[in-house]
Amino acid sequence: QLKLVESGGDLVQPGGSLRLSCAASGVTLDIYVMGWFRQAPGKEREGVGCINPSGGSTYYGDSGEGRFTISRDNAKNTVNLEMNSLKPEDTAVYYCGLNPQPYTRVAGSDCYRYLEVWGQGTLVTVSS
């Protein structure tokens with residue numbers, strides 16, 4: 001059965017960096033668009049970015065543009081989120097998601113509407 005497990009969340013200081021990972025079991029990810037969401041306390045879920053099946057095309061939300069990098073290692077069946085120059089407003093639970101329709105592509109912000117979250121998320125806290 002499909003299972004996604006996010007990891008790597010931690011307490012970091014403003015300006016710091018963190019690398020999150022999403023490991024999959026029960027499915028091979030290389031034919032699916034993947035993405036990351038985040039949800040801060042009391043706020044609605046926000047799309048962070050998406051990556052196409054091959055890893056050759058990405059899309060980022062406004063919050064992470066220029067600071068965050070999505071990558072994937074299909075050989076390891078994982079998707080990653082590298083976050084740099086972290087700000088307190090980046091504090092949130094971060095979730096990875098999958099578009100269950102295979103062989104699709106990233107198409108701007110439309111990618112988020114198709115993602116289904118299967119993991120429990122990992123908490124990132126940015127504070128001094």
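Notes on the structure in this doc start here. Because the structure is a prediction, the values reported are computed rather than measured.

On to the nonpolar core, then. With 26 residues, the main nonpolar core has Trp 36, Leu 81, Met 83 and Tyr 94 as its most contacted residues. Elements with a minimum of two residues in this core: β3 (18-25), β4 (34-39), β5 (46-51), β7 (68-73), β8 (78-83), β9 (92-98) and β11 (122-126). Contacts of Tyr 94, omitting those with residues within four sequence positions, involve Glu 6, Leu 20, Trp 36, Phe 37, Arg 38, Val 48, Phe 68, Leu 81, Met 83, Gly 121, Thr 122 and Val 124. Ranked by size, the runner-up nonpolar core spans 7 residues in total, among them Val 33, Phe 37, Cys 50 and Tyr 112.

The antiparallel open sheet is built from 4 strands, whose spatial order is β1-β3-β8-β7. Of all strands in the sheet, those bounded by a partner on one side alone are β1 (3-7) and β7. Going across the sheet, the axis of each strand differs from the next one's by a mean of 15°, ignoring polarity. As paired elements, β7 and β8 share 6 bridges and run antiparallel to each other. Each bridged residue has a counterpart across the sheet, and for Phe 68 the counterpart in β8 is Met 83.

Here we take up the pairing of β7. Along β7, the buried face is formed by Phe 68, Ile 70 and Arg 72; none of Thr 69, Ser 71 and Asp 73, which line the opposite face, is buried. Between β7 and β8, which follow one another and run antiparallel, lie 4 residues, and Asn 77 among them has a positive phi close to 60°.

Inspection of the secondary structure assignment puts Ser 25 in strand β3. Distance from Ser 25 to Gly 8, taken between C-alpha atoms, is 17 Å for residues 17 residues apart in sequence. Sequence-distant contacts of Ser 25, defined by excluding residues within four places in its chain, comprise Gln 1, Leu 2 and Lys 3.

With the rule as written, the count across this model stands at 2 disulfides. With a sulfur-sulfur separation of 2.0 Å, Cys 22 is cross-linked through a disulfide to Cys 96. The sign of the S-S torsion, about 55°, decides the handedness of the disulfide formed by Cys 22 and Cys 96: right-handed. Of this pair, Cys 22 sits in strand β3 while Cys 96 sits in strand β9, and the two are 74 residues apart along the sequence. Note on Cys 96: relative accessible area 0%, which makes it buried. Covalent S-S linkage joins Cys 50 and Cys 111, the inter-sulfur distance amounting to 2.0 Å.

Quick look at the pairing of β5 now. Most of β5 is tucked away, with 5 of its 6 residues classed as buried. Remark: 6 residues form the turn of the hairpin made by β4 and β5, two consecutive strands paired antiparallel; Gly 42 in that turn has positive phi of roughly 75°. For β5 and strand β6 (residues 58-60), the ladder comprises 3 bridges, and the chain directions are antiparallel. Bridge pairing links Cys 50 to Tyr 59 in β6. The turn linking β5 back onto β6 is made up of 6 residues, and Gly 55 within it adopts a positive phi angle of 85°.

Calculation criteria
- Residues numbered from 1 in each chain as written.
- Predicted model: local features only at pLDDT ≥ 70, side-chain atom pairs only at ≥ 80, totals over all residues.
- Heavy atoms only, no water.
- Core = buried A, V, L, I, M, F, W, Y, C linked by side-chain atoms within 4.5 Å.
- Buried < 20%, exposed > 50% of the residue type's maximum accessible area, 1.4 Å probe, protein only.
- Helix = DSSP H or I, 4+ residues; strand = E, 2+ residues; numbered from the N terminus.
- Contact = heavy atoms within 4.5 Å.
- Pairing = 2+ DSSP bridges.
- Axes fitted to C-alpha atoms, helices over the stretch in contact; angles between N-to-C directions.
- Disulfide = S-S within 2.5 Å.

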